[in-house]
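What follows is the residue order along each chain.
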Amino acid sequence: MPAPGPAPAHLDPRLLRAFLAVAEELHFTRAAARLYVAQQALSRDVRRLERELGAELFVRTTRQVTLTGDGERLVPYARRALQAQDDLLAAFGQARPLLVDLNSPGLTTPRRVLHRARELAPEHELMARYESGLTGAVGEIVAGRLDASFGRFAGLDPALRAGLDHQPVRYEPMAIVLPEDHRLAERDAVPLAELAGETVYAGAGNPRTPEWTDLARRLFDGRGIRVAPPAPLAVGDEEFQRIMAKTRNPVLAVIDFPAMPGTVLRPLTDPVPLSPVSLVWRKGLVHPALDALRRAAAELTAEEGWLVRPVEGWVPAIDLATGSVHN
């Protein structure tokens, strides 16, 4: 590596994005996939940046990639420079699309917020993604491949929460999906006590949804309801329905859960369990479409009374403690 010379008069932001992707992934193949470029092109951009700065930024071996001292020093500068560029483009109506995870296609709350945001900011592009769980989505948010998601903020690992902001949106009443010939299928609503002795599927073993399984365990604790053991991870509605029909376990859901053939959806009562839903995004993210998304969530929350808790409503104590819900 040449000795440091005069600072370059100009740095291509693309080179900084290449550097930052590798710095965050510490893996050239993953960083290239994140930026949708060939690994050779990514390596070429990093080498060019090193030449222009006159500094070695990474130590590369056959087993690992690590940052040098100069690389660690560059990270905060690169982040600020790229954020400033995004802010400038946004100020002149040239913001990149905002990528918003809706969890699953059939869920009502995220979809309504997104649709309202598009009405509020038609000049910006908000694009839907489906990550099937907040923990899975947050991994993409932290990596910069996704901007926002919806879900139970208190169910995230504290280390993840530290790098995120969130806005409470709704207490979603929870429900149970039953085989249509189940003993409780004829009930208009199912008291939790009636599920004693049942084994209920709540996503156990799915690495993308541990916040949902944790919610189920807290709800079932002391009520004689078991969380079903991990089932084969099903991708897509058809496979999920097939696996659930095979196991015949009731499925813990929310009241807006999309219909599945051969099943009925019944609200849970006594108490009414509530799933706290927040809008979640990366701390420090500045984007005009995020402003529209937050405004849309606030408007719908007020119009629909989404954060008004029923007297008989149940919310986990940890969600109250982390400020994920309104007391």
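Everything discussed here concerns the structure shown above.
Here goes a summary of the coordinates provided.

Procedures and definitions
- Residues numbered from 1 in each chain as written.
- Predicted model: local features only at pLDDT ≥ 70, side-chain atom pairs only at ≥ 80, totals over all residues.
- Heavy atoms only, no water.
- Helix = DSSP H or I, 4+ residues; strand = E, 2+ residues; numbered from the N terminus.
- Buried < 20%, exposed > 50% of the residue type's maximum accessible area, 1.4 Å probe, protein only.
- Contact = heavy atoms within 4.5 Å.
- Areas by Shrake-Rupley, 256 points an atom, 1.4 Å probe, with all protein chains shown as cover.
- Lys, Arg positive; Asp, Glu negative; His and termini not counted.
- Charge placed at Lys NZ, Arg CZ, Asp CG, Glu CD.
- Axes fitted to C-alpha atoms, helices over the stretch in contact; angles between N-to-C directions.
- Parallel < 35°, antiparallel > 145°, perpendicular 65-115°, else oblique.
- Nonpolar A, V, L, I, M, F, W, Y, C, P; charged D, E, K, R; others polar.
- Phe/Tyr/Trp six-rings, centres within 6.5 Å; stacked < 30°, edge-to-face > 60°.
- Lys NZ or Arg CZ within 6 Å of the ring centre and 35° of its normal.
- Polar contact = N/O pair within 3.5 Å; in protein donor to acceptor, adjacent residues only side chain to side chain.
- Pairing = 2+ DSSP bridges.

Within the protein chain, the regular secondary structure consists of 11 helices and 13 strands. Principal axes of the C-alpha set define a box for the protein chain whose edges measure 75 × 45 × 35 Å. Out of the 327 residues belonging to the protein chain, those deemed buried represent 45%. In the protein chain, once contacts between residues fewer than 6 apart in sequence are set aside, the share between residues at least 24 apart is 74%. As displayed, the protein chain has an accessible area near 16,300 Å², and 53% of this comes from carbon and sulfur atoms. Measuring between centres, the 39 positive side-chain charges of the protein chain sit 5 Å from its 41 negative side-chain charges.

Bringing the packing of helix α1 (residues 13–25) against helix α3 (residues 39–53) into the picture now. For any two helices packed against each other, one specifies the inter-axial angle together with the distance between the axes. The geometry of α1 relative to α3 is characterised by a closest axis approach of 9 Å and an angle of 110 degrees between their N-to-C directions. One element, α1, and the other, α3, form an angle in the roughly perpendicular class. Contact residues: α1 offers Arg14, Leu15, Leu16, Ala18, Phe19 and Val22, while α3 offers Leu42, Asp45, Val46, Arg48, Leu49 and Glu52. Counted by class, the contact of α1 with α3 contains eight nonpolar, no polar and four charged residues.

As a further point, take the packing of aromatic side chains. In total, this model carries two aromatic pairs according to the counting rule given. Centre to centre, the rings of Phe28 and Phe58 are 6.1 Å apart; their planes meet at 70 degrees, and the pair counts as edge-to-face. Taken together, the positions of Phe28 in helix α2 (residues 28–35) and Phe58 in strand β1 (residues 58–60) put the pair 30 residues apart, joining distant regions of the chain. Using a relative accessible area of 9% as the deciding quantity, one classes Phe28 as buried. Accessibility expressed as a relative area gives 0% for Phe58, which makes it buried. Members of the aromatic cluster, joined through ring pairs, are Phe19, Phe28 and Phe58. A cation over an aromatic ring shows up here: Arg80 above the ring of Tyr77, its NZ or CZ 4.9 Å from the ring centre. Over the ring of Tyr171 we find Arg309; its NZ or CZ atom is 6.0 Å from the centre of that ring.

To continue, consider the side chain of Thr199. Among the secondary structure elements, Thr199 is positioned in strand β8 (residues 199–200). At 3.0 Å, the side chain of Thr199 forms a polar contact with the side chain of Arg226.

Along strand β6 (residues 164–179), 13 of the 16 residues are buried, which leaves the element largely enclosed by surrounding structure. In the sheet, β6 pairs with strand β12 (residues 272–282) via nine bridges, with the strands oriented antiparallel. Counted as the bridge partner of Tyr171 is Pro276 from β12. Judged from the four bridges that link them, β6 and strand β10 (residues 251–254) form a sheet pairing that is antiparallel. Looking across to β10, one finds that Met174 is bridged to Val254. Sheet analysis places β6 next to strand β11 (residues 263–269), joined by five bridges and oriented antiparallel. Bridging from a neighbouring strand, Ala175 pairs with Pro267 of β11.

Shape is all these values report; function is a separate question.
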